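Summary of the model geometry
Okay, here's what each chain looks like letter by letter:
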Protein chains: 2
Amino acid sequence: MDFWEVVRNRRSCHRFLDDAVEEDKINTILECAGFAPSPANMQPWEFIIIKNKEIKKKIFDSSLRVKTEMARASGWSWLDRYQLHFLIQAPLIVAVVGDPLKTGIERWQEGRGEGYQHACAAAIENMLLAAHALGLGSLWFTIFDKPEVSKILAIEENKNLIALVCLGYSDDHTPRPKRESLQEKIIKILD
Amino acid sequence: MDFWEVVRNRRSCHRFLDDAVEEDKINTILECAGFAPSPANMQPWEFIIIKNKEIKKKIFDSSLRVKTEMARASGWSWLDRYQLHFLIQAPLIVAVVGDPLKTGIERWQEGRGEGYQHACAAAIENMLLAAHALGLGSLWFTIFDKPEVSKILAIEENKNLIALVCLGYSDDHTPRPKRESLQEKIIKILD
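Residues numbered from 1 in each chain as written. Chains lettered and ligands numbered in written order. Predicted model: local features only at pLDDT ≥ 70, side-chain atom pairs only at ≥ 80, totals over all residues. Heavy atoms only, no water.

**Remarks on the environment of Glu-106 of chain B**
For clarity, the threshold we go by: Helix and strand definitions follow DSSP, with helices as H or I runs of at least four residues and strands as E runs of at least two, each counted in order from the N terminus. Pairs of residues are marked as contacts when any of their non-hydrogen atoms sit within 4.5 Å. Counted as a polar contact is a pair of N or O atoms within 3.5 Å, where, for protein atoms, one must be capable of donating a hydrogen and the other of accepting one, and residues adjacent in sequence contribute only when both atoms are in side chains.
Along the chain, Glu-106 of chain B turns up in the loop between strand S2 (92–98) and helix H5 (115–133). C-alpha of Glu-106 of chain B to C-alpha of Phe-47 of chain B: the two residues are 59 residues apart in sequence and 24 Å apart in space. Residues contacting Glu-106 of chain B, with those up to four places away along its chain left out, are Thr-142 of chain A together with Arg-112, Gly-113, Glu-114 and Gly-115 of chain B. Separated by 2.9 Å, the side chain of Glu-106 of chain B and the backbone nitrogen of Glu-114 of chain B make a polar contact.

Okay, structure coming up:
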């Protein structure tokens, strides 16, 4: 599988087929997560594998409530059309949980201590890329009530639920959303 | 370039050769950053390209002070042996800057609003992988005084310096640090 194809063509998947994800593919995806860098190589990520339909339904119900509330609070009208059925459809959701104590030396700096979250995000990006390389669709989902979903998943209070990653075979045929040009993103060159 | 080779064998580089990084490689790396997902596709990342030796020296001096202070505060004795010369050696440092307003709907949730940081971290992971695929070494560096380095780089006050990414041809021949087993990282299976 060509690296450039993977990084360029991965996209968020909002519709999944029913087909289960093979165990070896799940393991490969999580193994790739673990190859991400982390401050002092502390590997602050932990994974909860969710296949249980009732739990997925609870997450869906909770997230639908959040989405509805946030659509009102934000005034983002497109959220009304944004369906969350992928939370039920996806055969597999991986909750990525971070350990705030497994962060870098910035833990001792005022207003810092976020390194473990960034490492978890890097691990998630590896998961999404690996999923694409294995022919799977994925979605990095964050519109959830963190305390409520943490309770549903019985996550320890000293840990931080970073994201839910939906995984499965894709039934989403919409094109990847456009990206801004590099010229807009390079804000300064100091040479 | 094989995706699995890239994701498995990328590692942090702490020693760089003098050779400059070709312009087309810099652009490819930043283009790959931009393929990361972000909440509502807001692409919250911005890049400052740093080649200027005086600016690199200023960042080095400031970071050395931070490292020394943090070594004392943390009691992490290995930090005494951790040299920061890569900040001067690396022909190129990319400062990745995030825009807190370009975050997801979680902006309206109490205690949230971190989505833009996670997206920047995903973009950084893409940069590191792309660098490896292009035969370059990279380092995700975070041991800096954020207000001070933001001032050195004249970053707008409403933006957030997420990380400094050192890039260049590698002169680091140490092996990749070990990873914990998957069994230790999968904390729960809900099926």
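**Examining the relation of the copies chain B and chain A**
Rule in force here: To superpose the copies, least squares is applied to the C-alpha atoms of every residue with a pLDDT of at least 70 in both.
Turning chain B through 180° and shifting it by 0.0 Å along the axis lays it on chain A, with an RMSD of 0.0 Å. On this basis, the relationship between the two copies can be described by a two-fold rotation axis. In terms of C-alpha distance to the rotation axis, chain B has Phe-3 of chain B as its closest residue, with the C-alpha 2.0 Å off the axis. A high fraction, 100%, of the interface residues of chain B reappear at the interface in chain A, so the copies pair face to face through one surface.

**Focus: the side chain of Asn-160 of chain B**
All names here are of chain B. Note the threshold: Relative accessibility under 20% of the residue-type maximum defines a buried residue, over 50% an exposed one, and the middle range a partly exposed one, all with a 1.4 Å probe and only protein chains included.
Relative to the helices and strands, Asn-160 resides in strand S4 (residues 160–168). The buried category is assigned to Asn-160, whose relative accessible area is 12%. Not counting residues up to four positions away in its chain, the partners in contact with Asn-160 are Val-96, Val-97, Gly-98, Pro-100, Tyr-116, Gln-117 and Lys-146.

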